[in-house]
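The chain contents come next:
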Amino acid sequence: MSETQRSDRFTPFAWGVLAFTFMVIVFGAWVRITGSGAGCGQHWPTCHGEVIHRPQSVETVIELTHRVTSGLSMLLAVALLVWGMVRFERGHPARRGVALAMLFMIFEALLGAGLVLLELVGRNDSISRAVMMAIHLSNTCLLTGAMAAAAWCARPDRRPRTRWRDAGRGPWLLVAGLFAVILVSMSGAVTALGDTLYPVVEAGSVGDRLAADQGVTAHFLQRMRVVHPLLAVLVGLYLLWLSISLPGLDGHGAVRSLGNVVAGLVLAQLCAGVVNIMLSAPGWMQLVHLGLATGLWVGLVLLALAALRADAELQL
């Protein structure tokens, strides 16, 4: 069996693991929105101290389902790691991708356990919870990015041919974009927490809501609600410029195609953000917003990898 045939089996599996992980991430947001994080009490990994628990409330059903699907995601990550380590030689980017994915998956589980054991769930509105939520979502970005990189680099025709330290200007501008997206995601996690614990008042104009959020009696989660949209607009404009006109790489086929995808996702995400604000951040719209954000992040990771390969080809 040729190398291409073997990698073709690994590649769809890696994309499948990423897709399942994506669903678990979105469902985790639903746990927060419904206030079901304490559905299993202050117990982890058991539910109310029982290995096999019969749910007595909707909150318990939601939280228990999230734990089960998270456990399945962990098992899939282990399978991805084992297959990647056996399939690819040392130093291969796909091998590094599965190793990093496993590392971030473990950290993801520890963060989830910490939220429960430290009681940073339900109606908890402390700074500690806000910080944990920000770290949680940034780790989620790194997890999905590592999975996407492993799936992308598994094919021989997509493996980067140069190191980041030797890359030109284009790939490094994309790295800056990746860090900027993580920063926006962290602010978004805090904003989403504020929208859940302190729902936006639907009456009045956007200006009235902003004034209420900055009032003397407003909670810090309400005061920080304005940070995310401002930061998202600035980063979104940067990503639009970058994806449409990558310096020195604009004419490369794969880069051009992925750049168009990223540009479309940026526009969709900005529109979704506006709708989310206008509708006072309903739960379903928060899920759509998170889904688009994850898709944009994955697309940007793939664009960075394609740009790195294109940069190497231009240097030949």
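The sections below set out a description of the structure shown in this document. (Residues numbered from 1 in each chain as written. Predicted model: local features only at pLDDT ≥ 70, side-chain atom pairs only at ≥ 80, totals over all residues. Heavy atoms only, no water.)

## Looking at the overall build of the chain
Defined as follows: Elements are defined by DSSP. Helices are runs of H or I of four residues or more, strands are runs of E of two residues or more, and each kind is numbered from the N terminus. Each residue is placed in one exposure class: buried if its accessible area under a 1.4 Å probe, protein chains only, is under 20% of its type's maximum, exposed if it is over 50%, and partly exposed if it falls in between. Any two residues whose heavy atoms approach within 4.5 Å at even a single point are treated as in contact. Every accessible area reported is derived by Shrake-Rupley at a probe size of 1.4 Å, with residue values counting cover from the shown protein chains alone.
The helix and strand tally for the chain stands at 10 helices and 0 strands. Helices and strands appear in the chain in the N-to-C order α-α-α-α-α-α-α-α-α-α. For the chain, buried positions account for 48% of its 316 residues. In the chain, the proportion of contacts linking residues at least 24 apart, taken out of those at least 6 apart, comes to 77%. Per element, the accessible surface of the chain, about 15,100 Å² overall, is 69% carbon and sulfur.

## Re the state of the cysteines
So the rule is basically this: Two cysteine sulfur atoms form a disulfide, by the criterion used here, when they sit within 2.5 Å.
On inspection of all chains with the given rule, the structure shows 1 disulfide. Each sulfur of the disulfide joining Cys40 and Cys47 lies 2.2 Å from the other. On the sign convention where negative means left-handed, the S-S torsion of about -85 degrees between Cys40 and Cys47 marks this disulfide as left-handed. Like Cys40, the residue Cys47 is buried in the burial classification.

## Remarks on unusual backbone geometry
For Glu119, which is not glycine, the phi torsion reads 60 degrees and is therefore positive. As for its position among the elements, Glu119 is in the loop between α3 (93–117) and α4 (127–153). The class of Glu119 is partly exposed, set by a relative accessible area of 43%. In this structure, Ala281 takes a positive phi of about 55 degrees despite not being glycine.

## Side note on the side chain of His136
Structurally, the position occupied by His136 is in helix α4. Setting aside anything within four residues of it in sequence, one finds His136 in contact with Glu108, Leu111, Gly112 and Leu115.

## Observations concerning the pattern of salt bridges
Side chains bearing opposite charge may pair, as long as their charged atoms lie close to each other. We count it as follows: We count a salt bridge whenever a side-chain nitrogen from Lys or Arg sits within 4 Å of a carboxyl oxygen from Asp or Glu.
Following the criterion strictly, the structure yields 2 salt bridges and no others. The salt bridge involving Arg67 is made with Glu63; its shortest N-O contact spans 2.8 Å. Within this pair, Arg67 and its partner Glu63 are both found in helix α2 (residues 58–87), separated by 4 residues, close to a single helical turn.

## Topic: the environment of His219
We apply this condition: Contacts described as polar in this section are N or O atom pairs within 3.5 Å, which, within protein, must combine one atom able to donate a hydrogen with one able to accept it, while residues neighboring in sequence count only if both atoms come from side chains.
Here His219 lies in the loop between α6 (206–213) and α7 (220–223). For His219, a relative accessible area of 19% puts it in the buried group. Separated by 25 residues in the primary sequence, His219 and Gly194 place their C-alpha atoms 8.8 Å from one another. Those residues in contact with His219, other than ones at most four positions away along the chain, are Asp125 and Tyr198. Within polar-contact distance, the side chain of His219 engages the backbone oxygen of Asp125 at 3.3 Å.

## Brief notes about the packing of aromatic side chains
The test is simple: Ring pairs are drawn from Phe, Tyr and Trp, using the six-membered ring of Trp, whenever the two centres fall within 6.5 Å, and their geometry is named by plane angle: stacked under 30 degrees, edge-to-face over 60, tilted for the rest.
Summed over all chains, the structure comprises 4 aromatic pairs. Aromatic side chains Phe10 and Trp83 sit 5.5 Å apart centroid to centroid with 90 degrees between the ring planes, which places their arrangement in the edge-to-face category. Pair noted here: Phe10 is in helix α1 (residues 3–33) and Trp83 is in helix α2, with a separation of 73 residues, a long-range link.

## Comments concerning the packing of α3 against α4
Rules: A fitted line through C-alpha atoms represents every axis, and for helices the fit uses only the stretch in contact; the resulting angles, taken between N-to-C directions, go from 0 to 180 degrees. Any angle from 65 to 115 degrees is called roughly perpendicular, while one under 35 is roughly parallel, one over 145 is roughly antiparallel, and all others are oblique. With the far helix as reference, a near helix turned anticlockwise by less than a right angle produces a left-handed crossing, and one turned clockwise produces a right-handed crossing.
One way to put it is that α3 packs onto α4 with a least axis distance of 8 Å and a crossing angle of 155 degrees. Taken together, α3 and α4 sit at an angle that is classed as roughly antiparallel. With respect to the hand of their crossing, α3 and α4 are arranged in left-handed fashion.

## Considerations on the environment of Ala211
Mapped onto the secondary structure, Ala211 falls in helix α6. In the structure, Ala211 is positioned 12 residues away from Arg223 in sequence and 9.5 Å away in space, judged by C-alpha atoms.

## So, a nonpolar patch on the surface
Worth spelling out the cut-off: Think of a patch as exposed residues, more than 30% relative accessible area, with no salt bridge, where like charges cluster within 9 Å and nonpolar side chains (Val, Leu, Ile, Met, Phe, Trp, Tyr) cluster within 5 Å.
There is a patch of nonpolar side chains on the surface, built from Val206, Val274, Val275, Ile277, Met278, Leu279, Trp284 and Val288 and spanning about 700 Å² of accessible area. Here the nonpolar patch gets 4 residues from one element, more than from any other, and that element is helix α9 (residues 253–278). The class for Leu279 is partly exposed, based on a relative accessible area of 41%.

All quantities given are derived from atomic positions and should not be read as evidence of function.
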